[in-house]
Amino acid sequence: MSGYRDLYWQASDGLRLHARDYPAASGPARLPILCLHGLTRNAKDFGALAPRLAELGHRVLALDVRGRGGSERGAPERYVLPAYAGDVERLAQAIGIGRAIFIGTSMGGLITMEVAARAAGLIHAAVVNDVGPKLSPRGLARIAGYAGAAQAFATWDDAAAQVRQLNEDALPHYTARDWRAMAERMFRESDGVVIADYDPGIAVPFKSAPAGADPQQRWEALVTGRPILVLRGARSDLLDQDAAEAMVAGKPNARLEMVRDVGHAPMLDEPDALAAIIRFLADIG
């Protein structure tokens, strides 16, 4: 994808981290947007959404969370929410962002909640994509089943077939072309084979499920005092409908929108998702 420049900054433990920096279109200045991807994904997931938001006048930064994409790999024990949130804060400080709109898909939404608990002033508003403080054991077990698997494929077609096998229930409308494009977002070539574009060590803390902060407290920190849009894929196996409804119940500043015929997690290029995000941004100014 074109329309962005590569931006690098340094984490507190010295890792060199990467983001795609999409400049805002000319016009009235608007708040920047920080996009945070899911557990095994990277900044390329926002390759369709980010340019669209930049056209609306927002500078958009799509981050490669440590251990993914163009960011350096690190110690497995640092692949945890507090470290990820600290990296986001360091980026904001490095480039002079004092306040931003966050868009977080799956793990990216959990990172957003962590940032809210640590640096509340940084988040003006947030879009939380198919994740919340209460997650379904079904979806967690499915993710644990593939995260960190050190598979290598001889061809891109083989990688695309694997991506389809893992995601066709969530994205039933995808064509062969879509699966190939998704594989190209999720994988890279190395030494003549196609491998996942992340450090397999990211799965170590996820699968060991260490005790941490109360997710409900983190959600309350995010949803209190700022506009929030919760998106849920109608076929999601990670965020159940009742859990999504509970997230916004009694919260006049929070809204829930469904993305039809999509599971975990919406790619945010679906008409329902894109329309909801654009309405949300228009409402918050």
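A. Quick peek at the side chain of Asp-87. Checked against the element boundaries, Asp-87 lands in helix H2 (residues 81-95). The exposure class assigned to Asp-87 is buried, which follows from its relative accessible area of 4%. Residues within four places of Asp-87 in sequence aside, it is in contact with Trp-9, Ala-11, Leu-17 and Arg-66.

B. A look at the environment of Leu-229. Tracing the chain through its elements places Leu-229 in strand E10 (residues 228-233). According to the relative accessible area criterion, Leu-229 is buried, its value standing at 0%. In sequence terms Leu-229 and Ala-243 are 14 residues apart; their C-alpha atoms lie 15 Å from each other.

C. Region of the structure containing the sheet that holds strand E1 (residues 5-10). The mixed open sheet is built from eight strands, whose spatial order is E1-E2-E4-E3-E5-E6-E10-E11. Single-partner strands in this sheet number two, and they are E1 and strand E11 (254-259). Neighbour to neighbour, the strand axes of the sheet diverge by 20° on average, direction disregarded. Sheet topology places E1 next to strand E2 (residues 16-22); six bridges connect them, and they run antiparallel. Paired with Trp-9 across the strands is Leu-17, a residue of E2. Sheet strands touched by helix H3 (residues 107-118): strand E3 (33-36), strand E5 (100-105) and strand E6 (123-129). Its angle to E5, the strand with the most contacts, is close to 140°. Packed on one face of the sheet, helix H9 (residues 241-248) meets E10 and E11 and runs near 155° to E11.

D. Region of interest: the packing of aromatic side chains. With the rule as written, the count across this model stands at three aromatic pairs. Cation over ring: Arg-16 sits above Tyr-8, and NZ or CZ is 3.7 Å from the ring centre.

Rules used throughout
Residue positions are counted from 1 within each chain, in the order its sequence is given. Since the coordinates come from a predicted model, pLDDT governs what is reported: local features require at least 70, and pairs of side-chain atoms require 80 or more to be given and counted, while whole-chain, interface and lining totals use all residues. Hydrogens are left out, water is left out, and the side-chain values use all remaining heavy atoms of the structure. Secondary structure follows DSSP: runs of H or I at least 4 residues long count as helices, runs of E at least 2 residues long count as strands, and numbering of each begins at the N terminus. Any residue under 20% of the maximum accessible area for its type is buried, any over 50% is exposed, and the rest in between are partly exposed; the area is computed with a 1.4 Å probe on protein chains only. Any two residues having at least one pair of non-hydrogen atoms within 4.5 Å are treated as being in contact. Think of it this way: DSSP has to see at least two bridges between two strands before they count as a pair. Orientation is described by axes fitted as lines to C-alpha atoms, over the contacting stretch for helices, and by angles from 0 to 180 degrees between their N-to-C directions. Note on aromatic contacts: the rings of Phe and Tyr and the six-membered ring of Trp form a pair at centre separations within 6.5 Å, being stacked when their planes are under 30 degrees apart, edge-to-face when over 60 apart, and tilted otherwise. Should the NZ of a Lys or the CZ of an Arg lie within 6 Å of a ring centre and within 35 degrees of the ring normal, that charge is described as sitting over the ring.

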